[in-house]
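The chain contents come next:
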Amino acid sequence: MSQNDAGDEAIETDVVVVGGGLAGITTALGLAQRGVDVTLVERQPRLGGRAQSWEDPTTGDPVHIGPHIFLSEYPNMLKLLDMLGTKDRIVWQDDHFLTLADGERAIVTEQWPLPAPLHFMPTFILDDRANFAEKLSNFPVTLYAMLMQEEDVLRLDGMNAYAFLRRMGVSRRFIEDFWSFTCMAIMNVPIEVCSAGALMRFYKRFIGHSEFSFGFPDGGLGDLFAPQAAQMLQEGGHRVLLETSVVEFTGAGEQVTGVLLDDGRRITAKKTIAALPPQTLRQMVRQEWVDEHRVFADLVHFHPCPYVSSFIWFDRKLTDLKMWARVHCPNDLNCDFYDLSNIHRGWEERPSVITSNIIYCKRAAGMSDEEIIEATVAEIAEFLPRASMDGVEHWVVNRIPMAIHCPFPGTERKRPPVHTPIENLWIAGDWTRTGLPSSMESACMSGWMVADEVLESMGKNQPSLAVEHAGVEGVTGLFDRTSNLMPGRNIRRLFKGVRRRLSEERVS
Ligand SMILES: Cc1cc2nc3c(=O)[nH]c(=O)nc-3n(C[C@H](O)[C@H](O)[C@H](O)COP(=O)(O)OP(=O)(O)OC[C@H]3O[C@@H](n4cnc5c(N)ncnc54)[C@H](O)[C@@H]3O)c2cc1C
């Protein structure tokens, strides 16, 4: 699919968007929809970036870069799919919330029809891995999360999540059983090196919504948005340049006038959006910007979190589950598993195709692809004993240098806004300051946010494209509002006191 129709001529455009991942696609579509002429430049042969997919040459089946899940709480991503007419190509988890595999035992997590956070309470009480005292030890941190506000997130950002939880009195066992898994699965780093602020911000949302569902792409992940986005842009007269790299921003001093491409062409643009990961952007910014502006100097602090994702075609059906995860153990390889034969529509009769993620995969660095597959099949077999290497018909291993940036302590405060101090230059991407964990939702939200700001700078004031996330609900919502808005001076002081006591006296 070559969409490089620009010939050898220099290109003039209103806005050039560098990077055709979800953030760049969302930005480009948002602007195009509001009548701005857009040129989208992507160095790879297809759009999608870290959410791309392609056809496996051996089986003809779609494979993603690695399995991804959508959340029902992804309004900005769902808005993009809605625009492209593919929202119904998400297959939602319709029964329970999450199955945890503990050897052959399945620990099933359910959400109950109770106000948040009580919707997890029956599962929490019934979970026999921790005793009552250990479960109770999580109460203060839950109370803290219900009361905390964004300023608390930033205050906690300097501290590692393990130290924070221990100082809040959470038992070691409860941290091992619940928090270490959550941290690895959601924040993608071990708890000892995760920002306490980032983790607690996620926890507040987790205990603040009572109807979370997981969704999976029906087919290749990129097939839900990449070809449709390219088509929509091109049909609107915009340009999509694939297999084209931007090598530098043009213009002098603190002003950007467009970009220089690797084939020597120039794109002159009124506005330039860098929808790039932080490490790539770092290579492109001018040294004087790094010297002058914190936002560029800080780019070195965003470290990539590497993944290894496997796809294994078995000769038999192994389960009827769509998804499960292993209980956390630091020496395990894989975290989450998906059987595509139970996800993709029309694949119900097929044997299992199991895909999984090794998150923060440094422990797999010295392993060959064959060793990774053998170890992955062994982990699958602990839960599904009928799995064995004899039943493997085909496999694929994807080594991914960066799935997201590592939310190490200190990084939340360094996540930049989408505008920059450089004239006519904006940035977009999952790592910008969206208030969300780095994810597809964060990338899309960032893309809509940039489009909003660029439109405003062009005098096109229109309803916001970015969708604000719904506030927390239920009892969590009540605590949140109380902590923020309580009119009674004494009660406000009391809640502030609790917050301060929890965050400062016990933490520092
Ligand atoms: C295996 C895996 C599993 C994941 N699981 C989940 C999940 O379950 N749920 C979830 O929400 N998120 C998940 N993520 C994260 C999610 O994929 C990312 O957060 C999101 O795709 C990032 O989008 P982006 O547009 O910000 O960045 P990118 O996708 O990185 O886009 C940047 C683009 O810029 C291009 N580019 C780079 N340099 C240049 C240049 N010089 N010129 C032109 N183009 C350039 C790149 O090729 C790329 O296409 C996962 C990621 C991976 C890899």
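On a predicted model such as this, the values are computed, not experimentally measured, just so you know.

Draft legend 1. Quick peek at the sheet that holds strand β6 (residues 90–92). An order of β5-β9-β6 is seen for the three strands of this open sheet, with the pairing classed as antiparallel. The open sheet has two free edges, formed respectively by β5 (70–71) and β6, since each of these has just one partner strand. Sheet topology note: the β5/strand β9 (residues 214–217) ladder contains two bridges and is antiparallel. Looking at the pairing, Phe-70 lines up with Gly-215 of β9.

Draft legend 2. Broad picture of the site of the ligand. Around the ligand there are 38 residues in total, and Glu-42, Arg-50, Ile-69, Tyr-74 and Asp-430 lie nearest to it. Within the backbone of Arg-43, a nitrogen or oxygen atom sits 3.2 Å from a nitrogen atom of the ligand. Compared with its free state, where it exposes 1000 Å², the ligand has 95% of that area covered by protein. Where the shell around the ligand is concerned, the elements lending two or more residues are α1 (22–33), α11 (278–284), β14 (304–314), β18 (392–405) and α16 (440–457). The element best represented in the shell around the ligand is β18, accounting for three residues. Counting contributing residues, the shell around the ligand receives three or more from each of domain 1 (11–48 + 225–302 + 414–457) and domain 2 (53–94 + 214–219 + 303–405).

Draft legend 3. Region of interest: the pairing of β18. Within β18, ten of the 14 residues are buried, which leaves the element mostly enclosed by the surrounding structure. Sheet analysis places β14 next to β18, joined by ten bridges and oriented antiparallel. Looking across to β18, one finds that Ser-309 is bridged to Asn-398.

Draft legend 4. View of the sheet that holds β18. Read from one edge of the open sheet, seven strands run β8-β7-β15-β16-β17-β14-β18, paired in mixed fashion. Because the sheet does not close on itself, it has two edges, and the strands there are β8 (105–109) and β18. The sheet shows a mean angle of 25 degrees between the axes of neighbouring strands, taken without regard to direction. Inspection of the sheet shows strand β7 (residues 98–102) paired to strand β15 (residues 323–326) by two bridges, in the parallel sense. Its bridge partner being in β15, Leu-100 is matched across the sheet by Ala-325.

Calculation rules
- Residues numbered from 1 in each chain as written.
- Predicted model: local features only at pLDDT ≥ 70, side-chain atom pairs only at ≥ 80, totals over all residues.
- Heavy atoms only, no water.
- Pairing = 2+ DSSP bridges.
- Helix = DSSP H or I, 4+ residues; strand = E, 2+ residues; numbered from the N terminus.
- Near = heavy atom within 4 Å.
- Polar contact = N/O pair within 3.5 Å; in protein donor to acceptor, adjacent residues only side chain to side chain.
- Areas by Shrake-Rupley, 256 points an atom, 1.4 Å probe, with all protein chains shown as cover.
- Domains from an automatic or database assignment.
- Buried < 20%, exposed > 50% of the residue type's maximum accessible area, 1.4 Å probe, protein only.
- Axes fitted to C-alpha atoms, helices over the stretch in contact; angles between N-to-C directions.

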